[in-house]
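# A closer look at the structure
Each chain, letter by letter, is given below.
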Amino acid sequence: MAKQFRKKVLSREDDEDETAQNRKEKERGVKRQPTSPHEANDDDDDGSESEQERLCDQREREQLDRNIRERDAAATRKLSEQKEAFATRRSNIVGDVETLRKVSRQEYLKKREANKLKELGESIEDGEYLYKGVKLTEVEYNRLSYEKKIYELATKHEAATHHDQYYRIPEPYDDHEGGVNQEKRFSVALQRCWDDDLNGRDKKSNQFAEQKAWEDQQIGKATLKFGSKNKRRKCDEEYDFVFEDQIEFVKKSVLLEGDQMIANGNVDVGKVQPSHQLDKLREERKTLPIYAFRERLLQDVEKNQVLIIVGETGSGKTTQIPQYLHEAGYTKGGKKIGCTQPRRIAAMSVAARVSQEMGVKLGHAVGYSIRFEDCTSEKTVLKYMTDGMLLREFLVEPDLASYSVVMVDEAHERTLSTDVLLGLLKDIARYRPDLKLIISSATLDAEKFSDFFDSAKILRIPGRRYPVDIHYMEAPQADYLDAAIVAALQVHVTQPPGDILVFLTGQEEIETAEEIFKHRTRGLGTKISELIICPIYANLPTELQAKIFEPTPEGARKVVLATNIAETSLTIDGIKYVIDPGFSKMKSYNPRSGMESLQVTPISKASSMQRAGRAGRTGHGKCFRLYTSYNYDSDLDDSTVPEVQRTNLANVVLTLKSLGIHDLVNFEFMDPPPCEALLKALELLFALGALNKVGELTKVGRRMAEFPVDPMLSKMIVASDKYKCSDEVISIAAMLSTGSSIFYRPKDKQVHADTARLRFHSGNVGDHIALLKVYNAWKEANYSTQWCYENYIQVRSMKRARDIRDQLERLLERVEIKLSSSNDLEAIKKAVTSGFFPHCSRLQKNGSYRTIKHPHTAHIHPSSGIMALEHHVLPRCVLYHELVLTTKEYMRQVTEIKPEWLVEIAPHYYQLNGVVEEDYSTSKKMPRGKGRTSTSKQIPNLVDYSICV
DNA sequence: CAGCTCCGC
């Protein structure tokens, strides 16, 4: 499209009419003499000689240059005129949208879809052009696109000049005395987030006991594993090889235009001597890079409905922009300004900071809203929240009427909810011209966001970052883990003080690396200064996580071994060196089989930049990439595949449907997910009874959408009403949605842990009921942490489950389901089955299982209670919670069911040959015998099933 | 007998 566009602009002569005529002639097939080499090239099809080509090329380039010069001259001369013309044109288009607004949403979408192809320059047969549904002549079209181009150029130019003119680096406010201390900020956030002190349900002493226990376990784990692991990595007698076996690095590039910025930054801004803390904070606000852009920002927001902000880290955009807008009066008339964050901690800490700056109490004028914790009141005008939370608010208030501005922060991270949110916001912006949108993104993606929002204006704000040197390896290395360790030690020996951050892929790898490190440094003794190893990953107990924030003692150096948690979620001060092996674990989803897998994949360029940037938070840093610069250029993708494209969309689809968005294929995702994934989701929702045949939301679906859990879980909850066991079912749902890290199994106490776990499986009840038993037992033990430790259960997961359960219980009331308890295990299992009937598999002769819906072999995960029983008999028919691909295809959380239940509960699914097949291939009734033979290969559901019974 | 990148509602 871009090429086409360019060509059109360039080939445009001063006299548009002539061009138009030429084109018309061409269309009629009239051959005419080429008037310029450029055009000649266009018309001549025969392959010309290279000499000729070269000449042609040169002439063409000259012509091109001339064209560009002319255009630029014209552009400068007529800039104001053009702008005006553009504005009128724009208002015409807006006018047209106005009429469209009166049309229903469906009709509008249909119309838009029809125009989509023709938008921006696809001509239709009779030579007419359409732009946003407005019919234009070619001349008009050309002028419009030309104007648009110039307008864009002008804006970019403006942004660029302003950048140089106004920018100056102030002191970083975080380091300022009395300012926010990162460490404190984090630890406070952590406590509120995970430790649950606020609820006060736990005794302090218990907590300490447990912490101690955890710590001991962790240490025990590490030392025990030590012996076996180091055999594999034979490094016993090679202490000195740190100095021999060096990796050659090439310094290739310097990240960012940082040098200049920092050079400016050393200018003393002048010490502020405030008498009052608030004054001081106010002064600090003025030192942020964004302060210089305040007026421009406000103007831009006023003039444009959508504004893209490119604010680098440290520009202060998240804290300042909402405040500026508030000061400018966007909160008058009871309207709110919303700002979304992808993470809970970010939402909380930013809100805290802003309330401090404004001198108000958190939760009054400034508040935050995250799951389990709504810290807002009726007076709140600046509301920070997680993006998922705003998504839920859409359900209550589909047009977001109470907001005057919505700011989507960190949009470049492209989380699932951000993507859905962007689509929705774009949609409602059409109906609400008064709603302002601000999208903040990273440099690389700004254009893309701008395109998505119909060429929205981009405002660039410089950040406060230090330069980072990037070193590549000279030759690729086979074992990146080994290379990472060698590189870290090399940095330690050769580089000046500063902590090291090593990115690894997962817990196991980190643990291995930790041992190797300890082993290698032990023998070096006093040859090198002390090296402190700090592992960090999400599953690590909180107290141990806190270790990374402890300041490094004098003379020592800290090595942080992190998963990609350190890429975005937390920042560690003092990091000067980053070692980036270039891998991370990523989840992918195969919509056809419904299988998720977690695999180590190369990272993208964007995330390698992000990793490198981690070295430049507090000073000039260095990043060592354990791949060559050739690898970087040719093997890495530009950006990570957005989450929408690699995840199960059932939940998203349900949310969208309950928002009245019917036509999902035309829903504007920035990067549309594969159609298969959408279909799969629709199919599932239809099977669950959330949608009817036409794809409309049913009453069941409406109730399901209320619960913030996966559709199958919410179906199970809704169905529990019928079986009078909602009390038990929500416990199971809560336990299932915490993830699979309920049971704790330290390597040194495996037997104990297993026997402890087996207790919950007594009677071979299945994993679902076992989870219920765990929860109930914990409840009876008065939510004791001690109890968890005794039973080898992760407290953190249990607390989470409790929170989720509480929330689900509150929501039951809203969908008019009575809380009822039952001892009938069969009833509970049936309720579970009504949500999970699509996840069933049948035992085969060879001992493996085959999923009933799509033929797919799978195995019971060894962590399941069924496998743990001593003389276990494999059940004939099981229901599973999820299918994961690791070394094999495994079913996790498995419960035996009776095949009869399937027909009883989901006759539509198991009597007919599946949902899709029914729709597409076997819509007419088939004689029984015939149907059997013809369909048994692809659709074994009924056939196999009947044999099974 | 195997494994838990990471967020979020």
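Residues numbered from 1 in each chain as written. Chains lettered and ligands numbered in written order. Predicted model: local features only at pLDDT ≥ 70, side-chain atom pairs only at ≥ 80, totals over all residues. Heavy atoms only, no water.

As annotated in an unreviewed UniProt entry, chain A carries the name RNA helicase and comes from Prunus persica. Quoted verbatim from the Sequence similarities (unreviewed entry) field of the UniProt record, the comment on chain A reads "Belongs to the DEAD box helicase family. DEAH subfamily. PRP2 sub-subfamily." In its Subcellular location (unreviewed entry) section, the UniProt record describing chain A reads: "Nucleus". (UniProt positions renumbered as here; feature names shortened; annotations may be inferred.)

Another point: helix H29 (residues 726–737). Given 3.6 residues to a turn, an α-helix orients residues that are three or four positions apart in the same direction. Between its first and last C-alpha, H29 extends 16 Å over 12 residues, near the 16 Å set by a 1.5 Å rise per residue. Of all 12 residues in H29, 11 are buried, a share of seventy percent or more. Within H29, burial applies to Ser726, Asp727, Glu728, Val729, Ile730, Ser731, Ile732, Ala733, Ala734, Met735 and Leu736. Buried residues along H29 sit against helix H28 (711–723), helix H31 (767–780), helix H33 (795–814), helix H34 (825–836), strand S23 (877–885) and strand S24 (889–896). (Helix = DSSP H or I, 4+ residues; strand = E, 2+ residues; numbered from the N terminus. Expected span 1.5 Å × (residues − 1). Buried < 20%, exposed > 50% of the residue type's maximum accessible area, 1.4 Å probe, protein only. Contact = heavy atoms within 4.5 Å.)

Time to look at the confidence of the model for chain A. Residues at a pLDDT of 70 or more form 68% of chain A, whose mean pLDDT is 73. Within the model, pLDDT remains below 50 along residues 1–49, and this stretch shows 45 contacts once partners closer than five positions in the same chain are excluded. In the predicted structure, residues 257–274 sits below a pLDDT of 50 and forms 27 contacts with residues beyond four places in sequence or in another chain. (pLDDT = per-residue confidence, 0-100.)

In this structure the tally under the stated criterion is 31 salt bridges. A salt bridge links Arg294 to Glu327; the shortest N-O distance between them is 2.6 Å. On the criterion of sequence distance, the pair formed by Arg294 in helix H13 (residues 294–303) and Glu327 in helix H14 (residues 317–327) is long-range, its members being 33 residues apart. In this structure, Glu357 and Arg353 form a salt bridge, with 3.0 Å as the shortest nitrogen-oxygen distance. Remark: Arg353 and Glu357 occur in helix H15 (residues 344–358); sequence separation between them is four residues, near one turn of the helix. As far as burial versus exposure is concerned, Glu357 and Arg353 are alike and both buried. What you see here is one network of salt bridges that share partners, running through Glu284, Arg285, Arg294, Glu295, Glu327, Arg353 and Glu357. (Salt bridge = Lys/Arg side-chain N within 4 Å of Asp/Glu carboxyl O.)

Below, the discussion takes up the packing of aromatic side chains. Enumeration according to the criterion identifies 10 aromatic pairs in this entry. One aromatic cluster is present, formed by Tyr472, Tyr627 and Tyr632 through successive ring pairs. For Lys336, the ring lying beneath its charged end belongs to Tyr403, and the centroid distance is 4.9 Å. Positioned over the ring face of Phe452 is Lys426, at 4.6 Å from the centre of the ring. (Phe/Tyr/Trp six-rings, centres within 6.5 Å; stacked < 30°, edge-to-face > 60°. Lys NZ or Arg CZ within 6 Å of the ring centre and 35° of its normal.)

Right, let's talk about the protein's contact with DNA strand B for a bit. Inspection of the region around DNA strand B gives 34 residues, with Arg344, Lys585, Arg745, Thr886 and Arg892 positioned closest. Sugar plus phosphate: this is where 66% of the atoms of DNA strand B within 4 Å of the protein reside. Taken together, the elements giving at least two residues each to the surface near DNA strand B come down to helix H16 (387–396), strand S17 (583–590) and S24. Top element by residues in the surface near DNA strand B is H16. It accounts for three residues. (Near = heavy atom within 4 Å.)

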